[in-house]
Amino acid sequence: MLKPTIVMLTVIITSSYNICAIASDQIPKSFHGKWGAPGQCDEMGELPTEITALRYQPHESTCELKKVINSSNTLFVGSFHCFFEGEEEFQKHTLELRGGKLYEDGRGPSSRCK
């Protein structure tokens, strides 16, 4: 009776560890959403920046997260595989939240779209 208990405990611990590891390899939820300057959030003109758990999409680019370098609820630095205008390259991007505003690689601020 003791063996099944040990096996079950090992499976639970391993499963919990994998969930935590996956969550730490993502852009924090505090950055998720659409961000833009005045006029970018209303479907006309330049598109806003969009951020999800694994993707950063600044103007006319799509960047897929490949490696987390630094991560907190207010600062994120990651290595991304980016596609833009028929080209692709690896890029490092820094995202920072200050006073509810988004700064991208030191540029900004952008406000969260409603």
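Residues numbered from 1 in each chain as written. Predicted model: local features only at pLDDT ≥ 70, side-chain atom pairs only at ≥ 80, totals over all residues. Heavy atoms only, no water.

J.: Explain the environment of E88 to me, please; I cannot follow it from the model alone.
T.: Positionally, E88 belongs in strand β6 (residues 87-98). Taking the C-alpha atoms as reference points, E88 and C63, separated by 25 residues in sequence, lie 9.2 Å from one another. Not counting residues up to four positions away in its chain, the partners in contact with E88 are H81, C82 and F83. Looking at E88, its side chain comes within polar contact range of the side chain of H81, at 2.8 Å. (Helix = DSSP H or I, 4+ residues; strand = E, 2+ residues; numbered from the N terminus. Contact = heavy atoms within 4.5 Å. Polar contact = N/O pair within 3.5 Å; in protein donor to acceptor, adjacent residues only side chain to side chain.)

J.: Would you mind going over the environment of S61 with me for this structure?
T.: Tracing the backbone through its elements, the reader meets S61 in strand β4 (residues 61-71). Residue classification places S61 among the buried positions, given a relative accessible area of 17%. In this structure the C-alpha to C-alpha distance between S61 and E87, which are 26 residues apart in sequence, comes to 9.8 Å. Ignoring anything within four residues of it in the chain, the contact list for S61 reads F83 and F84. (Buried < 20%, exposed > 50% of the residue type's maximum accessible area, 1.4 Å probe, protein only.)

J.: Help me understand the sheet that holds strand β8 (residues 107-112), please; the structure alone is not making it clear to me.
T.: Neighbouring strands of a sheet are bound in pairs by backbone hydrogen bonds; such pairs are parallel or else antiparallel. The eight strands are arranged β1-β2-β3-β4-β5-β6-β7-β8 in a closed barrel whose pairing can be described as antiparallel. For this sheet, the mean angle separating the axes of adjacent strands, direction not counted, is 35°. The pairing of strand β7 (residues 101-104) with β8 spans two bridges and is classified as antiparallel. Counterpart to L102 in the pairing with β8 is S110. (Pairing = 2+ DSSP bridges. Axes fitted to C-alpha atoms, helices over the stretch in contact; angles between N-to-C directions.)

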